[in-house]
Amino acid sequence: MEIIKTDCGLCINCCGVDAYVKDGKLVKVEGSPDHWLNEGELCPKGEHLVEWVYAPTRLKYPMKKVDGKFERISWDQAYKEIGEKLHQLKEKYGARTLATYTGSVGVEHFEMAAFNQRFRGAFGTPSFFNPEGLCFRTRILARQITFGRYPVEEPFNADCIILWGHNPEESYYPQGLKIRKMLEEGNLTLITIDPKRIPLAKEGIFLQPRPGTDCAIALAMMNTIIEEDLWDKEFVEEYTTGFDKLVEHVKDCTPEWAESISGVGASEIRRIARIFASSESSCILEGVGHLNQMTNGLQTERAFCILMAITGNIDRPGGWVTCPQVRLADLRLPIEENSLGYEEYPVFHQFGRRPPPYGSLSMMTETMKTEKPFPIKAFISSGSNPVLTLPDTNLFLEAIDNLELFVCIDPYMTETGQLADYVLPACTFLEEYGIGGFPYGISYCEPYIMLRKKVIEPLFESKPIMRIWSELAHEMGYGEYFPWETDEEAVEHLLSTSGVTFQELLDNPVGVYFAEKEYEVYKKVKRKTELFSPRMEELGAAGLPSHVEPIASPSSDPELAKKYPEILLTGARQVEYIDAQQREVAGLRVRVPEALAEISPVTAKKYDVIDGEMIGVGTPRGTIKVRAKVTEDMKEGVVSIPHGWADSNVNILLDASVRDPVSGYVALRGNACRIIKLD
Ligand SMILES: Nc1nc2c(c(=O)[nH]1)N[C@H]1C(S)=C(S)[C@@H](COP(=O)(O)OP(=O)(O)OC[C@H]3O[C@@H](n4cnc5c(=O)[nH]c(N)nc54)[C@H](O)[C@@H]3O)O[C@H]1N2
Ligand SMILES: Nc1nc2c(c(=O)[nH]1)N[C@H]1C(S)=C(S)[C@@H](COP(=O)(O)OP(=O)(O)OC[C@H]3O[C@@H](n4cnc5c(=O)[nH]c(N)nc54)[C@H](O)[C@@H]3O)O[C@H]1N2
Ligand code: SF4
Ligand SMILES: [Mo]
């Protein structure tokens, strides 16, 4: 039996995995005891990797839809037909008629994103999309706007953590374990701000706000910190600009004002403001996307940045720290045209020195449907399952009706693959080489990189995604851009600018630190922290954050509230699954067999609903059936439903036109809904 030390590519946590391989087959996995983060532990998904990789829903060979049914074809035929069609469509409608989309896997799987982008560059289309258009980007952007760089949470050195719309025991499993350990050791004050009393909320101070009012709470904390002179004089005076404007801006944002908006007691807001400001080191540890995926999302993130700054918790141990990044080879080819959303969402697209490589995802589906401002006739989706994960499912279904070519590249037959013209089998991360760890320090502030190793040969006829893009490119005449013959070669090339070699990573199977972390970076950089942002104003947004009621919520639209009086939250994470994945893994499915809509006993009583009953949940966009879970932990008036379930697809309920006007993100939370008692 061979033991291969690799990195789990299922989610952004990148835990270390010891893979046991016998006769070319993966037979067992364990958490790597020598990996700094997970220290031998694996979450339930990680524990079920063997069942996942050999699941019967794996795509075995390329298939083409003929008369509504899939037929097996060869790779050669697939490349030839897809290539010809793409050339034809480019001729007829121009290059931008091709949209490519990589899902969350394409954010964490650097090679997938890099090769997709190289292909679209060779083809010449600006229409590249990924979940950065609804997930991570807002928080990165708000921090860049404020600090001129991207400081990342370093919670394991903190004395006080605010879990703000973040439930790490579900979504960041190894982080959850470490926080529990810190609590056991008795050196952490934990504050949780969440409409749901999550298990960690029971370990400290808990505030239960009405959804979408977090910015008001943050402003009231600033008000208290300034009123009570708890701000960090040295940091604010030496290293920030705009404090005077901030003082003026928050002077009326008293805790009493925030109480009237959020429902959280003024004394509680004062209490946490004092603890937060006077702890040795404090860290806002927020949901990756939860608070950003609302209509005041970007400005809420700005408020968190300001709170961290005025309390001096930037670039100090336990706060938000600027993490060194590895420079991977940039495979992007120049693209002349701007992406969708460039004009509509200038903060998102025009803030940086160059625009982000992806378009505004919220506009992709609408453009596919309306053909405005141009027709999108070809769509290639990889590492994503948009039928279940894009908000406004019915809009997406109407949009894909308009396509002339729809290709889905995935290791599994998904709900999206079922609707495609061609499905191409990609292999999983266990069957190819890749880059693991945290080269960009996105979720953990550790300058640490690992080789994600090929543990077994690709199953059936599946191929590494890098090969799929390269081979299609060669077929279409773009071969010169894709000289790499294997996935090893491609990964070696990506590492070529990083200072770390493929061989070094093979020799250090649990990874290497590529740089030393530095604190007090603000002392070295010229750019001061901008509490007030002149650039935001220039780009048409407010230079300081304010509370704004969620659009299309019962609180902002009294007419809507008459019919839809409850507040819908979607997508709270479940440790058993990543987004819409792993539902085929029986060992996980027995733990959580279906979607549950969490509601409080008071809400349940209002509709005469009992725990375990099937209910309808409706919005102006549609209705779904889902089983009710009645729990004291959920705030009254809130209905929280996870995403990614085919039989209770919560994205049917969302409206792609309800967006954060600054970031362009579709509101995944805070929308008005109602409960329907079923007979
Ligand atoms: N197991 C698992 N892990 C995952 C994923 C997965 O699907 N499964 N997905 C990955 C991805 S793509 C992402 S983006 C991240 C997401 O990770 P997070 O955004 O951290 O999501 P959660 O951990 O579910 O925590 C969200 C919490 O926010 C609360 N919340 C909702 N609305 C509000 C509000 O208005 N105010 C406040 N204060 N709280 C609110 C919810 O009740 C919930 O407890 O997780 C990643 N990790
Ligand atoms: N209502 C609602 N909707 C949401 C959210 C929410 O909170 N609420 N969250 C949003 C967020 S933050 C995100 S990031 C998105 C995620 O949305 P998606 O990325 O669409 O979600 P997944 O289900 O993870 O889809 C990933 C796909 O990649 C495939 N895959 C796995 N490994 C590989 C590989 O190595 N190669 C290839 N080619 N494919 C692979 C999987 O089989 C799966 O089909 O969902 C968003 N949708
Ligand atoms: S938390 Fe689970 S799924 Fe995510 S990397 Fe770790 S073991 Fe894999
Ligand atoms: Mo995400």
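The shown structure was predicted, so the numbers you read here are calculated from the model rather than taken from an experiment.

1. So, the site of ligand 2
Surrounding ligand 2, one finds 36 residues, the nearest of these being Ser-104, Asn-385, Thr-389, Asp-410 and Arg-669. Contacts to ligand 2 include Ser-104, whose backbone N or O atom sits 2.6 Å from an oxygen atom. Between ligand 2 and the protein, one listed contact pairs an oxygen atom with a backbone N or O atom of Gly-383 at 3.4 Å. For the shell around ligand 2, the secondary structure elements donating two or more residues are α4 (104-108) and β16 (405-410). Within the shell around ligand 2, the residues separate by chemical class into 17 nonpolar, 15 polar and four charged. Viewed by domain, the shell around ligand 2 spans two of them, domain 1 (63-129 + 329-425 + 460-513) and domain 3 (558-677), each represented by three or more residues.

2. A few points about the packing of aromatic side chains
Summed over all chains, the structure comprises 29 aromatic pairs. Relative to Tyr-358, the ring of Phe-348 lies with its centre 6.4 Å away and its plane at 55°, an arrangement referred to as tilted. With a gap of 10 residues between them, Phe-348 in helix α15 (residues 346-350) and Tyr-358 in the loop between α15 and α16 (361-370) connect regions that are remote in the sequence. With relative accessibility at 1%, the residue Phe-348 sits in the buried group. Across from the ring centre of Tyr-54, 4.3 Å away, lies the NZ or CZ of Lys-25, which sits over that ring. The ring centre of Tyr-20 lies 4.3 Å from the NZ or CZ of Lys-28, which sits over that ring.

3. Structural notes on the side chain of Thr-224
Mapped onto the secondary structure, Thr-224 falls in helix α9 (residues 214-227). Residue Thr-224 is classed as buried on the basis of its relative accessible area, which comes to 1%. Excluding its chain neighbours within four sequence positions, the residues that come into contact with Thr-224 are Pro-255, Arg-270 and Ala-273.

4. Overview of helix α6 (residues 137-147)
Burial within α6 is extensive, with 10 of its 11 residues counted as buried. What α6 keeps buried is the set Arg-137, Thr-138, Arg-139, Ile-140, Leu-141, Ala-142, Arg-143, Ile-145, Thr-146 and Phe-147. Residue Gly-148 follows α6 closely and has a positive phi angle near 80°.

5. Notes on the site of ligand 3
Around ligand 3, the surrounding shell consists of Cys-8, Leu-10, Cys-11, Asn-13, Cys-14, Cys-15, Leu-42, Cys-43, Lys-45, Gly-46, Tyr-173 and Pro-174. Contributing elements (two or more residues each) for the shell around ligand 3: α1 (44-47) and α8 (173-184).

6. Some remarks on helix α14 (residues 297-310)
With 14 residues, α14 extends 20 Å from end C-alpha to end C-alpha; this agrees with the ideal 20 Å at 1.5 Å per step. Buried residues dominate α14, accounting for 14 of its 14 residues. Where α14 terminates, the next one or two residues include Gly-312, which has phi positive at roughly 70°.

7. Some thoughts on the sheet that holds strand β20 (residues 512-513)
Strand order in this open sheet of three strands is β18-β19-β20, and the pairing throughout is antiparallel. Two strands lie at the open edges of the sheet, namely β18 (434-437) and β20, each paired on one side alone. Two elements, β18 and strand β19 (residues 448-452), share four bridges in a ladder whose sense is antiparallel. Opposite Gly-434, over in β19, you have Arg-452 as the bridge partner. Lying on the sheet, helix α20 (residues 487-495) is in contact with β18 and β19; it crosses β18 at an angle near 50°.

8. Observations regarding unusual backbone geometry
For the peptide bond that leads from Lys-372 to Pro-373, omega is 5°, which places it in the cis range. At Asp-392, a position not held by glycine, the phi torsion is positive, near 75°.

9. Looking at the packing of helix α12 (residues 255-262) against helix α13 (residues 266-278)
Between α12 and α13, the least distance of the axes is 8 Å, while the angle of their chain directions is 120°. It follows from the interaxial angle that α12 and α13 lie oblique. Crossing geometry of α12 relative to α13 is assigned as right-handed. For the pair α12 and α13, the contacting residues are Pro-255, Glu-256, Ala-258 and Glu-259 in the first and Ala-266, Ile-269 and Arg-270 in the second. Each residue belonging to the contact of α12 with α13 can be placed in one class, and the counts come to four nonpolar, no polar and three charged.

10. Some words on the domain arrangement of the protein chain
Taken domain by domain, the protein chain holds domain 1 (63-129 + 329-425 + 460-513), domain 2 (139-323 + 528-538) and domain 3 (558-677). Computed over C-alpha atoms only, the centres of domain 2 and domain 3 are separated by 27 Å. In this complex, domain 2 contributes 21 residues to the contact, which on the side of domain 3 involves 25 residues. Overall, the association of domain 2 and domain 3 removes approximately 1900 Å² of surface from exposure, summing both partners, and the carbon and sulfur fraction of that is 61%. For the domain 2 face of the interface with domain 3, the top three residues by lost area are Glu-170, Gln-293 and Thr-295, together amounting to 30%.

Each value, and the rule that gives it
Residues numbered from 1 in each chain as written. Chains lettered and ligands numbered in written order. Predicted model: local features only at pLDDT ≥ 70, side-chain atom pairs only at ≥ 80, totals over all residues. Heavy atoms only, no water. Near = heavy atom within 4 Å. Polar contact = N/O pair within 3.5 Å; in protein donor to acceptor, adjacent residues only side chain to side chain. Helix = DSSP H or I, 4+ residues; strand = E, 2+ residues; numbered from the N terminus. Nonpolar A, V, L, I, M, F, W, Y, C, P; charged D, E, K, R; others polar. Domains from an automatic or database assignment. Phe/Tyr/Trp six-rings, centres within 6.5 Å; stacked < 30°, edge-to-face > 60°. Buried < 20%, exposed > 50% of the residue type's maximum accessible area, 1.4 Å probe, protein only. Lys NZ or Arg CZ within 6 Å of the ring centre and 35° of its normal. Contact = heavy atoms within 4.5 Å. Expected span 1.5 Å × (residues − 1). Pairing = 2+ DSSP bridges. Axes fitted to C-alpha atoms, helices over the stretch in contact; angles between N-to-C directions. Parallel < 35°, antiparallel > 145°, perpendicular 65-115°, else oblique. Left-handed = near helix turned anticlockwise from the far one by under 90°. Buried area = accessible area lost by both parts, 1.4 Å probe.

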